[in-house]
Amino acid sequence: MKNGLIYAILGLGVFFTAALSLSMGAMKIPVQDVLLILAKKVWLFKNTAVDEQFDTVLTIVRMPRVIMGLLVGAALGISGAAIQGIFRNPLAEPGLIGISSGASLFAVLIIAAETALLAGLSNLLGYYLLAFGSFAGAGIATLVVYQISRNDGRPNVATMLLAGIAVNALAGALTGLVTYMANDQQLRNITFWLLGSLGGATWQIILCLIPFVIIPLVLLPTMAKTLNAFALGETQAQQLGLPVGRVKRWVVILSTMAVGASVAVSGIISFVGLLVPHMVRLIFGVDNRRVLPASALMGALILTLADMIARKVVAPVELPIGVITALLGTPVFLYILIKDKKKITR
Amino acid sequence: MLTVENVTYKAGKHTLVKDISFMVHPGEVMVILGANGAGKSSLMRLLSAEKKPSVGSITLSGKVLNSYTAKELALKRAILNQQNIINLDFLAMDIVQMGRYPHYSNKPAAHDLDIITEVMAITGTTHMADRSFLWLSGGEQQRVHLARVLAQIWDTPEALLLLDEPVSGMDILYQQQTLSLAAMLAKKGFMVVAILHDINLAAQYADNIMMLKNGRKWYHGSPAEILNTKSIYDVFEAEADVFTNPNTLKQLIMPKVMIHQAQTTV
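The structure displayed is predicted, hence computed values, not measured ones. (Residues numbered from 1 in each chain as written. Chains lettered and ligands numbered in written order. Predicted model: local features only at pLDDT ≥ 70, side-chain atom pairs only at ≥ 80, totals over all residues.)

Asker: Can you break down the overall build of chain A residue by residue, with the values?
Answerer: Within chain A, the secondary structure is distributed over 14 helices and 2 strands. Taken against the 2.2 N^0.38 rule, which gives 20 Å for 346 residues, the C-alpha radius of gyration of chain A at 20 Å falls within 12% of a compact globule. Seen through its principal axes, chain A has C-alpha atoms that stretch 65 × 55 × 35 Å. Going through the 346 residues of chain A one by one, you find that 50% of them count as buried. Restricting the contact set of chain A to residue pairs at least 6 apart, pairs at least 24 apart contribute 78%. (Helix = DSSP H or I, 4+ residues; strand = E, 2+ residues; numbered from the N terminus. Rg over C-alpha atoms; globule rule 2.2 N^0.38 Å. Buried ≥ 20, exposed ≤ 12 C-beta atoms within 10 Å, placed from the backbone. Contact = placed C-beta atoms within 7 Å.)

The structure is reproduced here in structure tokens:
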């Protein structure tokens, strides 16, 4: 299949899922009104009248949530694909190898410190601090797992997963410790955040999230060729004259940046980073020149869908989106394990 | 031309390669023989520029090996390793295409695609092109890697091809095919340096053989000059008879039966 066609199909899928998601909720807004209001935002159909109430609900409540879902989904999808590339293994998932828990530990620390020192996280600066903190936590966790799991230039899968368990356990224990020592106000903030959902989305948060997601989205696909060659082994990729060290460094920086910021704004949404690249490879093949951009689109699509399910199933209450992705993702993870156990656990 | 001058390589306290010098000319197949731990692989890492010599110098086409950038070097030399484990579901064709990565930035040119077709034909991998690499047999996978390595340097004159135990664990047909291909490439003007374990294969295909022991060069010369009972005993500490194959006039090595100590003392 031609790349252009793949991106067009996925892009349309993302757009219509987003429109559908925008129309859903306590106040039902017909999809054609959603499209019309969106069109008016980009200066089309200026003279057509739209329901003002619809416009307000869309602009203030639903659009931030859907856009955040798109950004977080794209971030998790592309990071999952890139991290799997440097680990040379389709099981390397940000949640599984400790990246998300590293991010969440730092986020909790910052929330606790913020509540103690400043008056909550209500301002943009606070969100940036949270995003940078989570980025640092994610980065440290990735580096620790990567260095431990490397054996003779190749990451060893068993060691990688065990190191992931250790990092998860340590980060979990420390997160627990911070939670235990927190006062009422801190606890309230931490719990609200730990539950993890797209529910807290505001335009301010999106403003903070955008650079953390857009920069990796633009830069990661430029490393696709080297990531392909990683499949041969680091030494072999080096023998092909490719900038192995540089790409490894940048993949860690960029994907932890995207995952860290996503965790900071939405909590841990597990299995998207695993599920999405796997689906993409199944449908479009394993060439990273295709897998990276397609994973970003597919991630945005899946997360928007999951958010819709989370809101729909027990409406008017909503389920945490992490619950939905874990429910959908775990069977897929097990399926990959069973189907490919011979070839991916070496 | 590949020139190795007084090269010594130390890793920590251990000296793995001691004061080795030799030359490989375009058109030549040189085989490195030696017991396990003799320093063959270390020497290969030096030749591939993965490691730097502690003392001495290696020059390729008149330029010091370590002064090449990784990219320049990728255009001049290729390495076939013993074993490559791949976990992602690439097609055989994708793997061969990786060999051309140093030659194009984003999309392969028509010239690159031609070379890919040509090397796949020559290595007998054309029919595997659209098959998943993961589902090929060990021998087929190794052939695909050979195609990849050839694609990398196919259009480079006097390129250096390093083969690190390329046929270990492979069946006899693949061994013959791979090494005759190596010999043919040498005729084309390549320099081929191979580590082999099978002395008979070395005798058949090598223009020159270098025998290593304890990191030192013990013998270096044509198979006829250096392959004999004494040299084999010196290097491998194994007794063997050496004959001449009446059909090819090449050396035939037959290890002697060892009567185990335990049996003689009973």
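Asker: Mind laying out the pairing of strand β7 (residues 160-164) of chain B, listing which residues take part and the relevant values?
Answerer: Residue and element names in this part refer to chain B. Of all 5 residues that make up β7, 5 are buried, and the element is covered over most of its length. Along β7, one buried face is formed by L160, L162 and D164 and the opposite face, lined by L161 and L163, is buried too. With 4 bridges joining them, strand β6 (residues 77-80) and β7 adopt parallel strand pairing. The residue of β7 that forms the bridge with I79 is L162. Sheet analysis places β7 next to strand β8 (residues 191-195), joined by 5 bridges and oriented parallel. Opposite L161, over in β8, you have V192 as the bridge partner. The β-α-β motif built from β7, the intervening helix α6 (residues 172-187) and the parallel element β8 has right-handed crossover chirality. (Pairing = 2+ DSSP bridges. Right-handed = clockwise from strand over helix to strand, strands pointing away.)

Asker: How would you explain the environment of A:A173 if you had to name every residue and give the values?
Answerer: Residue and element names in this part refer to chain A. Within the element layout of this structure, A173 appears in helix α6 (residues 157-181). With 11 C-beta atoms counted inside 10 Å, the residue A173 sits in the exposed group. For A173 and V50, which are 123 residues apart along the polypeptide, the C-alpha to C-alpha distance reads 52 Å.

Asker: With reference to specific residues and values, describe the interface of chain B and chain A.
Answerer: In many reports, interface size means the accessible area that the parts give up when they come together. Opposite the 21 residues of chain B that make contact, chain A presents 22 residues. Of all the secondary structure elements, the ones that give two or more residues to the side of chain B that touches chain A are α2 (70-74) and α3 (92-98) of chain B. Of the residues in the side of chain B that touches chain A, the class split is 12 nonpolar, 5 polar and 4 charged. (Nonpolar A, V, L, I, M, F, W, Y, C, P; charged D, E, K, R; others polar.)

Asker: Give me the lowdown on the domain arrangement of chain B, citing residues and values where you can.
Answerer: Residues and elements named next belong to chain B. Each domain of chain B was delimited in the assignment, giving domain 1 (1-74 + 158-168 + 181-238) and domain 2 (77-155). If you average the C-alpha positions of domain 1 and of domain 2, the two centres end up 25 Å apart. On the side of domain 2, 10 residues touch domain 1, which itself brings 15 residues to the contact. Breaking the side of domain 1 that touches domain 2 down by element, the ones donating at least two residues are α2 and β7. The element best represented in the side of domain 1 that touches domain 2 is β7, accounting for 5 residues. Split into classes, the residues belonging to the side of domain 1 that touches domain 2 amount to 10 nonpolar, 2 polar and 3 charged. (Domains from an automatic or database assignment.)

Asker: Tell me about the sheet that holds strand β1 (residues 2-11) of chain B, and please be specific about residues and values.
Answerer: Residue and element names in this part refer to chain B. With antiparallel pairing, 4 strands are arranged side by side in an open sheet as β2-β1-β4-β5. Either end of the sheet is taken by a strand with one partner, and the two such strands are β2 (14-24) and β5 (63-64). Taken together, the 2 bridges between strand β4 (residues 55-60) and β5 define a ladder with antiparallel strand orientation. Paired with L60 across the strands is K63, a residue of β5. Contacts from helix α1 (residues 40-47) reach β1, β2 and β4, with the element oriented near 60 degrees to β2. (Axes fitted to C-alpha atoms, helices over the stretch in contact; angles between N-to-C directions.)

Asker: So, the packing of helix α8 (residues 203-219) of chain A against helix α11 (residues 244-266) of chain A: which residues are in play, and what are the values?
Answerer: If you want to describe how two helices pack, look at the angle between their axes and the distance between the axes. Residues and elements named next belong to chain A. Axis separation between α8 and α11 bottoms out at 9 Å; the angle between their running directions is 155 degrees. Judged by the angle between their axes, α8 and α11 are roughly antiparallel. Seen along the crossing, α8 lies across α11 with a hand that is left-handed. In contact with I205, L209, F212, V213, I215, P216 and L219 of α8, α11 contributes W250, L254, S255, M257, A258, A261 and V265. (Parallel < 35°, antiparallel > 145°, perpendicular 65-115°, else oblique. Left-handed = near helix turned anticlockwise from the far one by under 90°.)

Asker: Give me the lowdown on the nonpolar core, citing residues and values where you can.
Answerer: Generally speaking, soluble globular proteins have nonpolar side chains that are buried together. If you look at the biggest cluster of nonpolar residues, it comprises 183 residues, and the most contacted ones within it are A:A107, A:A261, B:V31, B:L161, B:A182 and B:V192. Here this core takes 18 residues from helix α3 (residues 52-87) of chain A, the largest share from any one element. Taken domain by domain, the makeup of this core includes at least three residues from each of domain 1 (1-74 + 158-168 + 181-238) and domain 2 (77-155) of chain B. Not counting the four nearest positions on each side in its chain, B:A182 is found in contact with B:V29, B:L161, B:L163, B:V192, B:A194 and B:Y205. (Core = buried A, V, L, I, M, F, W, Y, C linked by C-beta atoms within 7 Å.)

Asker: Quick rundown of helix α13 (residues 288-312) of chain A? Include the residues and the values.
Answerer: Residues and elements named next belong to chain A. Given a rise of 1.5 Å per residue, 25 residues ought to cover 36 Å, and the 34 Å separating the end C-alpha atoms of α13 matches this to within 8%. Of all the bends in α13, the greatest measures close to 25 degrees and is centred on A294. For α13, a buried count of 22 out of 25 residues is recorded, marking the element as mostly surrounded by other parts of the structure. (Expected span 1.5 Å × (residues − 1). Bend = angle between axes of the 7 residues up to and from the residue.)

Asker: Go over the sheet that holds β8(B), please, and point to the residues and values.
Answerer: All names here are of chain B. The strand order β6-β7-β8-β3-β9-β10 describes an open sheet built from 6 strands, whose pairing is mixed. The open sheet has two edge strands with one neighbour each: β6 and β10 (216-221). When the angles between neighbouring strand axes are averaged without regard to direction, this sheet yields 15 degrees. Of the pairings in the sheet, the one linking strand β9 (residues 208-213) to β10 comprises 5 bridges and is antiparallel in character. Looking at β10, one finds that M210 is bridged to H220. Here α6 sits on the sheet and contacts β3 (29-34), β7 and β8; the angle it forms with β8, its principal contact strand, is near 155 degrees.

Asker: Give me the lowdown on unusual backbone geometry, citing residues and values where you can.
Answerer: Negative phi is the rule for most residues except glycine; trans is the rule for most peptide bonds. Residue and element names in this part refer to chain B. Within the chain, A49 stands out as a residue other than glycine whose phi angle is a positive 70 degrees. Looking at the element boundaries, A49 is found in the loop between α1 and β4. We classify A49 as partly exposed; it has 19 C-beta atoms within 10 Å. Positive phi, close to 65 degrees, is recorded for L249, a residue that is not glycine. Exposure remark for L249: the 8 C-beta atoms within 10 Å place this residue in the exposed category.

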